[in-house]
Amino acid sequence: MKKKVFIGAASAGIVAIAAAGAFFYGAGGETKAHAQYMAKPEILQENGQTVRSFELVAKEAEWALSKDKNVPVWTYNGVVPGSQIRAKVGEVIRVTLKNELKVPTTIHWHGYPVPNNMDGIPGTTQNAVRPGETFTYEFPATVPGTYWYHSHQDSANQEDLGLYGTLVVEGPDQAQIQRDYTLVLDEWNTGSQGHAGMNMGEMDHGKMGSERMDHGKTNSETMNHGSMNMGGMDHGSHGNTSMPGMEHSNSQVPPGAMHDQMMQAMYTTFSVNGKTGDAIEPLEVAKGERVRLRFVNAGFQSHTLRLPGQEYKIASADGQPIKDPAVIKDQPFTIAPGERYDIEFVASRDGDWVIESLNKTEAAKGMRIPVKVQGAGAKENSVAQAEAAPVDLTAYGQGGKGVFSLDMKYDQEYQMDLGEKMGKDGMDPVFTINGETYPDIKPLNVKKGDKVKVTMVNKGSSDHPMHLHGHFFQVLSKDGKALTGSPLVKDTLNVKPGESYVVAFEADNPGEWMFHCHDLHHAAAGMVNSVLYEGHQKFVEDPTVGNKAH
C-alpha cells in the first residue's frame, strides 16, 4: 500500500520533471513514441552488436499525484513510473541498477524471456542489491512488444511504493505507427485515514489483521496485506457469499472477497503515468493518424476502460500479437494486474474526447485520459454510450491453429487449484495452490524441450492474475471450451472466481522460475509456485542480505 498522502504543492524539482514528457523518434522520424519519462541510453557497438546501456537509480522521493496530493515514493530515477527502457529487436539491453534506498532491492523484467540469472528474484536467481551497491542486468532484445519492470524484493511493498517502469522493444511494425503512447495504470492509498506514520519499507504484507490496525497511526510491523482479518468491516452484498472448495472460519464472508473489499476501500486514488484527475497529461493526436496506446497495469486491481466514439483494435496482449484483430466499436476492455494491451486506432473523431474508467468506485473518476485532437479546439466532444460487456479475448481475432492444441500429447500435465482459507490463527486468510502455501507447494518439474499443459481452476472468491516468469503460454480453453478467437499467447492470465483455464508452454528457458498470482498481496500470503528444470543448479544465496521475494 502507498504511504500517507501529504497535502500541498509539489517541490519545484518534481514539477520541473513532471512537466517534461519525452518523445523518441523511430526510423525515419515517422513515429512519435511518447512515455512520461524516457531513459536516455548510451549506445555502444560491441562484438558486432548494438548495445543500449541504461542506468536506473532506486531512490526515495516525494511525488505529486496532482496539485493537492503528494505522496512519499520509492522510484527509479526519481520519477513514477520509472524511466522507460526502449530498444529494437536484435539489440542488447544493458541496465545498471544503482541502489540508493536504505534496504535491498532488485529489478524483475515482467513478461520478458530473459536468461534465468537476469530474472531479478532475490534468493532464487540473485542476491538482492544492498544499499549503496550496483547490479548490471543484460539480455538480448529478441521479442518485440510492451513489457515492464519492477522490484521483486519484498515486492508487495516495493512495487506498491512506485518501483516500476516500462520496457518497450520495437519490432518492424513500429514504422507504421505515427503516435505511440505508453499508459501505466495504478492505485494509491490517499484517503483521509491514510495510515499516518506508516513505515512502508518495514511493512509485512504477508500477515495483517484489521483489528490490529489503527488507521490514524499504524504500526507497520503488525501489517500484512496478503492475509487480513476484516471482521470489523461492512461487507455489504458479500455477506452471504459462498464458493465451492473453500474453507471458512466463523465468518460468512470468504477470505478473498474480504481482501478485495479492503483493497477497494484503502486504494482511493487511481493514476495514469503517476498522475490523477486533471494532472493526467493529455494525448495529442491528429485526425487520420495511426495511434498505438500501450496500456500497462502496474496496480493490484483490474481496470475497465472505454474509448467513446473511437473505433479501435486490440493489436497485442502481453506483447504478443493478436491475429487479424476485429474493429471494436462501443465496447470497453478490461486489463488485469500485470497485463499489457496494445490498442491501435486511426484517429477519427473531430473533437477532443476522454478515455474513461468504468470501474464502479469513486476513485475511477480520477482515471480519465484526455485526448486532444489537433485543430479541434479545447471543447470536449462527448459521446453517449450504452453499457456493454468488455471484449472477450478468448473469442477475439481470427481463429486459427496455434503452436499447441488440446488434443496433442504433452510431456507434463499439471493442475493448479487456486484457493483460499483462514490461517492457523483463524483470522488471517492465506491464498493457496492445491491447498498449500509457498514454499510447501509442489513445483512443476520439467526438462528442457518438454511440452507442458497446465489447468488452472479458481476455487476461491478473488481474482488471480497468474503470471509465469521466463516463458509465454498459449491459452487453449476457458471453462472447458476451446478458444474460438486468435491463438492467445500471454504471460499473465486473470482467472476469476469459478473459472478454469487450460494453458500450454514449451520448457525452452532453463532455470528456476516463479509461477504466481500478480495480486502481490496474494503472493505474499502464499500463492507462489515454481517451474523447476531438471539439472538446474540452484542459486546459493547469501543469508546476510535479507532476500525476500514476495
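1. Describing the pattern of salt bridges
And step 1. Summed over all chains, the structure comprises 29 salt bridges.
And step 2. Residues lysine 548 and aspartate 154 are paired through a salt bridge, measuring 3.7 Å at the closest nitrogen-oxygen approach. On the criterion of sequence distance, the pair formed by lysine 548 in the segment after strand 36 (528–533) and aspartate 154 in the loop between strand 10 (145–150) and helix 2 (155–158) is long-range, its members being 394 residues apart.
And step 3. By relative accessible area, aspartate 154 is classed as buried at 8%.
And step 4. The closest approach of N and O atoms between lysine 372 and aspartate 352, which form a salt bridge, is 3.9 Å. Taken together, the positions of lysine 372 in strand 24 (residues 368–373) and aspartate 352 in the loop between strand 22 (340–346) and strand 23 (353–357) put the pair 20 residues apart, joining distant regions of the chain.
And step 5. Residue lysine 372 is classed as partly exposed on the basis of its relative accessible area of 32%.

2. Digging into the environment of proline 443
And step 1. One can find proline 443 in the loop between strand 26 (429–433) and strand 27 (444–446).
And step 2. Overall, proline 443 belongs to the partly exposed group, its relative accessible area being 22%.
And step 3. Taking the C-alpha atoms as reference points, proline 443 and valine 528, separated by 85 residues in sequence, lie 9.6 Å from one another.
And step 4. When sequence neighbours within four positions are dropped, the list of residues in contact with proline 443 reads Tyr414, Asn529 and Ser530.

3. Observations concerning the nonpolar core
In a soluble, globular protein the nonpolar side chains are often hidden away together inside.
And step 1. One finds Leu293, Phe295, Ile355 and Met466 to be the most contacted residues of the largest nonpolar core, which totals 65 residues.
And step 2. If you look at the next biggest cluster of nonpolar residues, it comprises 29 residues, including Ala87, Ile107, Trp109 and Phe139.

4. Digging into the pairing of strand 7 (residues 92–99)
And step 1. Burial of strand 7 is extensive: 6 of the 8 residues sit out of reach of the surface.
And step 2. Alignment of strand 7 against strand 9 (residues 134–140), held across 7 bridges, turns out to be antiparallel. What sits directly across from valine 92, in strand 9, is proline 140.

5. Brief notes about the confidence of the model for the protein
And step 1. Residue-level pLDDT values for the protein average 85, and 81% of them are 70 or greater.
And step 2. A low-confidence stretch, residues 193–250 (pLDDT under 50), is modelled with 163 contacts involving residues beyond four sequence positions or located in other chains.

6. Topic: the side chain of glutamate 339
And step 1. Here glutamate 339 lies in the loop between strand 21 (333–335) and strand 22.
And step 2. A distance of 2.7 Å separates a polar side-chain atom of glutamate 339 from the backbone nitrogen of alanine 336.
And step 3. In contact with glutamate 339, not counting residues within four places along its chain, are Phe295, Val296, Asn297, Asp318, Thr334, Lys490, Thr492, Leu493 and Asn494.

7. Digging into the pairing of strand 36
And step 1. Across the 6 residues of strand 36, 6 count as buried, placing the element largely inside the fold.
And step 2. With burial as the criterion, each face of strand 36 is covered, one bearing Val528, Ser530 and Leu532 and the other bearing Asn529, Val531 and Tyr533.
And step 3. Judged from the 5 bridges that link them, strand 35 (residues 512–517) and strand 36 form a sheet pairing that is antiparallel. The residue bridging phenylalanine 515 from the neighbouring strand is asparagine 529, located in strand 36.

8. With respect to the sheet that holds strand 33 (residues 492–495)
And step 1. A sheet is described by the order of its strands in space; here 5 strands give the open sequence 27-36-35-29-33, paired in mixed fashion. If you trace the sheet from one side to the other, it starts and ends with strand 27 and strand 33, each paired once. Each adjacent strand pair in this sheet contributes to an overall mean axis angle of 20°, direction not counted.

9. As for the environment of glutamine 174
And step 1. Its location among the elements puts glutamine 174 in the loop between strand 11 (164–170) and strand 12 (179–188).
And step 2. Glutamine 174 gets classed as buried once you look at its relative accessible area, which sits at 4%.
And step 3. Spatially, the C-alpha atoms of glutamine 174 and glycine 145 are 10.0 Å apart, while their sequence positions differ by 29 residues.

10. Details of the sheet that holds strand 21
And step 1. Here 5 strands make up an open sheet; going across it, the order is 16-24-23-18-21 and the pairing mixed. Edge positions in the open sheet fall to strand 16 (283–285) and strand 21, since each of these has one partner strand only. The average undirected angle you get between the axes of adjacent strands in this sheet is 25°.
And step 2. Sheet analysis places strand 23 next to strand 24, joined by 4 bridges and oriented antiparallel. Bridging across to strand 24, tryptophan 353 finds its partner in valine 371.

11. Details of the packing of aromatic side chains
And step 1. Scanning the model with the defined rule gives 14 aromatic pairs in all.
And step 2. Note on tyrosine 112 and phenylalanine 139: the rings are 5.7 Å apart at their centroids and 45° apart in plane angle, and the pair reads as tilted. Within this pair, whereas tyrosine 112 is found in the loop between strand 8 (108–110) and strand 9, its partner phenylalanine 139 is found in strand 9, the two being separated by 27 residues in sequence.
And step 3. When its relative accessible area of 1% is taken as the criterion, tyrosine 112 is described as buried.
And step 4. Ring geometry for phenylalanine 345 against tryptophan 353: centres 6.0 Å apart, planes inclined by 65°, an arrangement best described as edge-to-face.
And step 5. Residue phenylalanine 345 is classed as buried on the basis of its relative accessible area, which comes to 5%.
And step 6. One aromatic cluster in this structure is built from Tyr76, Trp109, Tyr112, Phe135, Tyr137, Phe139, Tyr147 and Tyr149.
And step 7. The ring of tryptophan 63 carries lysine 275 above its face, with NZ or CZ at 4.5 Å from the centroid.

12. Thoughts on helix 3 (residues 255–266)
And step 1. Between its first and last C-alpha atoms helix 3 spans 17 Å; for 12 residues at 1.5 Å apiece the expected length is 16 Å, and the two agree.
And step 2. For helix 3, the full list of buried residues reads Pro255, Gly256, Ala257, Met258, His259, Gln261, Met262, Met263 and Met266.

13. Topic: the environment of proline 337
And step 1. Here proline 337 lies in the loop between strand 21 and strand 22.
And step 2. Remark: the alpha-carbon pair of proline 337 and aspartate 463, spanning 126 residues in sequence, is separated by 9.8 Å.
And step 3. Filtering out sequence-adjacent residues up to four positions away, proline 337 remains in contact with Asn297, Gly299, Phe300, Gln301, Ser302, Pro465, Thr492 and His518.

14. Some words on unusual backbone geometry
And step 1. Looking along the chain, the bond that leaves valine 80 and enters proline 81 is cis, with omega of -5°.
And step 2. With respect to the helices and strands, proline 81 occurs in the loop between strand 5 (69–76) and strand 6 (82–88).
And step 3. At the junction of tyrosine 438 and proline 439, the peptide bond is cis and its omega measures out at 10° in the coordinates.
And step 4. Note on placement: proline 439 falls in the loop between strand 26 and strand 27.
And step 5. In this model, asparagine 273 sits at a positive phi of 55°, which is unusual for a non-glycine residue.
And step 6. Structurally, the position occupied by asparagine 273 is in the loop between strand 15 (269–272) and strand 16.
And step 7. Phi at aspartate 324 takes a positive value of approximately 45°, unusual for a residue other than glycine.
And step 8. Tracing the backbone shows aspartate 324 in the loop between strand 20 (320–321) and strand 21.
And step 9. With relative accessibility at 52%, the residue aspartate 324 sits in the exposed group.

Basis of the calculations
- Residues numbered from 1 in each chain as written.
- Predicted model: local features only at pLDDT ≥ 70, side-chain atom pairs only at ≥ 80, totals over all residues.
- Heavy atoms only, no water.
- Salt bridge = Lys/Arg side-chain N within 4 Å of Asp/Glu carboxyl O.
- Helix = DSSP H or I, 4+ residues; strand = E, 2+ residues; numbered from the N terminus.
- Buried < 20%, exposed > 50% of the residue type's maximum accessible area, 1.4 Å probe, protein only.
- Contact = heavy atoms within 4.5 Å.
- Core = buried A, V, L, I, M, F, W, Y, C linked by side-chain atoms within 4.5 Å.
- Pairing = 2+ DSSP bridges.
- pLDDT = per-residue confidence, 0-100.
- Polar contact = N/O pair within 3.5 Å; in protein donor to acceptor, adjacent residues only side chain to side chain.
- Axes fitted to C-alpha atoms, helices over the stretch in contact; angles between N-to-C directions.
- Phe/Tyr/Trp six-rings, centres within 6.5 Å; stacked < 30°, edge-to-face > 60°.
- Lys NZ or Arg CZ within 6 Å of the ring centre and 35° of its normal.
- Expected span 1.5 Å × (residues − 1).

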